[in-house]
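These are the residues of each chain, in order.
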Amino acid sequence: MTVGESSLTHEEYRAFVRETFIRNVRMFSRAQLPNTIELSSDEFFSCWRRGDEVTDVFGATIRLGGPLSFCYLDGNHSYEYARRDFQNCSEFLDRGGFIFFDDSAAGWGFEGVQRVVREVMASGQYELVAKNPNYLFRKL
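A quick note: this is a predicted structure, and the numbers were derived from the prediction, not measured.

A. Up close: the overall build of the protein chain. A count of helices and strands for the protein chain gives four helices and six strands. When the elements of the protein chain are put in sequence order from the N terminus, they spell out α-α-β-β-β-α-β-α-β-β. Based on the C-alpha atoms only, the size of the protein chain along its principal axes is roughly 40 × 40 × 25 Å. The proportion of buried residues among the 140 residues of the protein chain is 34%. Across the protein chain, contacts joining residues at least 24 apart in sequence account for 50% of those joining residues at least 6 apart. When the accessible surface of the protein chain is summed, it comes to about 9000 Å², and 52% of that surface belongs to carbon and sulfur atoms.

Set out below in structure tokens:
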């Protein structure tokens, strides 16, 4: 499988993005590297629920679990995945915590994400903080 019309494979592009991220973070945040866990959303939240100890991309070992104060959702844009990502985040999000939905603006072609956003707005459990054009919610 290639990326778009290029001859670049998905694996080559993934490796490039990963190496670029690590190089940039090491350059600009070397004194305080963030914990960066490379897992799918489902795998990450399974580990989070169990309180697993994991090694991040920089070699640091950390224990996952506990409350979250901010979640940035940007992954598979289908309804099923976007909904599950939201549910996983919401389960651990503290009251007053924030969830940001990337690619959630109307007209951008990501109907699955937009559907989840509509459900969040209708739930009464979240307050819309900003829409410019993506959506940011605060848990009530």
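The structure having been displayed, the exposition proceeds.
B. A look at the nonpolar core. Judged by nonpolar contacts, the single largest core of 25 residues is most densely connected at Phe86, Ile99 and Phe101. Taken together, the elements giving at least two residues each to this core come down to helix H2 (41–50), strand E3 (68–73), helix H3 (79–92), strand E4 (93–101), helix H4 (111–123) and strand E6 (135–139). Here this core gets five residues from one element, more than from any other, and that element is H3.

C. Quick look at the packing of aromatic side chains. On inspection of all chains with the given rule, the structure shows ten aromatic pairs. Aromatic pair Phe21 and Phe58: ring centres 6.4 Å apart, planes at 40°, arrangement tilted. Pair noted here: Phe21 is in helix H1 (residues 10–28) and Phe58 is in the loop between strand E1 (53–55) and strand E2 (61–63), with a separation of 37 residues, a long-range link. Residue Phe21 is classed as partly exposed on the basis of its relative accessible area of 35%. A ring pair is formed by Phe44 and Phe45, whose centres lie 5.2 Å apart and whose planes are at 90°; its orientation type is edge-to-face. Both residues of the pair, Phe44 and Phe45, count as buried. Chaining the aromatic ring pairs together yields one cluster made of Phe86, Phe101, Tyr126, Tyr135 and Phe137. One cation-aromatic arrangement involves Arg84 over Tyr81; the distance from NZ or CZ to the ring centre is 4.9 Å. In this arrangement the basic side chain of Arg115 is found over the ring face of Tyr79, its NZ or CZ atom lying 3.6 Å from the centre.

D. Up close: H1. Its 19 residues place the ends of H1 27 Å apart at the C-alpha level, agreeing with the 27 Å of an ideal helix rising 1.5 Å per residue. Turning to H1, its buried residues are Thr20, Ile22 and Val25.

E. Representation of empty space enclosed by the protein within the structure. In total, this model carries one cavity of 30 Å³ or more according to the counting rule given. Taken as a whole, the largest cavity holds about 80 Å³ of empty space. Around the largest cavity, the lining residues are Leu73, Asp74, Gly75, Asn76, His77, Ala82, Asp85, Phe101, Asp102 and Val113.

Cut-offs used in this document
Residues numbered from 1 in each chain as written. Predicted model: local features only at pLDDT ≥ 70, side-chain atom pairs only at ≥ 80, totals over all residues. Heavy atoms only, no water. Helix = DSSP H or I, 4+ residues; strand = E, 2+ residues; numbered from the N terminus. Buried < 20%, exposed > 50% of the residue type's maximum accessible area, 1.4 Å probe, protein only. Contact = heavy atoms within 4.5 Å. Areas by Shrake-Rupley, 256 points an atom, 1.4 Å probe, with all protein chains shown as cover. Core = buried A, V, L, I, M, F, W, Y, C linked by side-chain atoms within 4.5 Å. Phe/Tyr/Trp six-rings, centres within 6.5 Å; stacked < 30°, edge-to-face > 60°. Lys NZ or Arg CZ within 6 Å of the ring centre and 35° of its normal. Expected span 1.5 Å × (residues − 1). 1 Å grid on protein atoms, 1.4 Å probe; cavity = no way out; pocket = protein on both sides within 12 Å on 5 of 7 lines; lining within 4 Å. Points joined across faces, edges and corners; volume = space filled by probe spheres on them.

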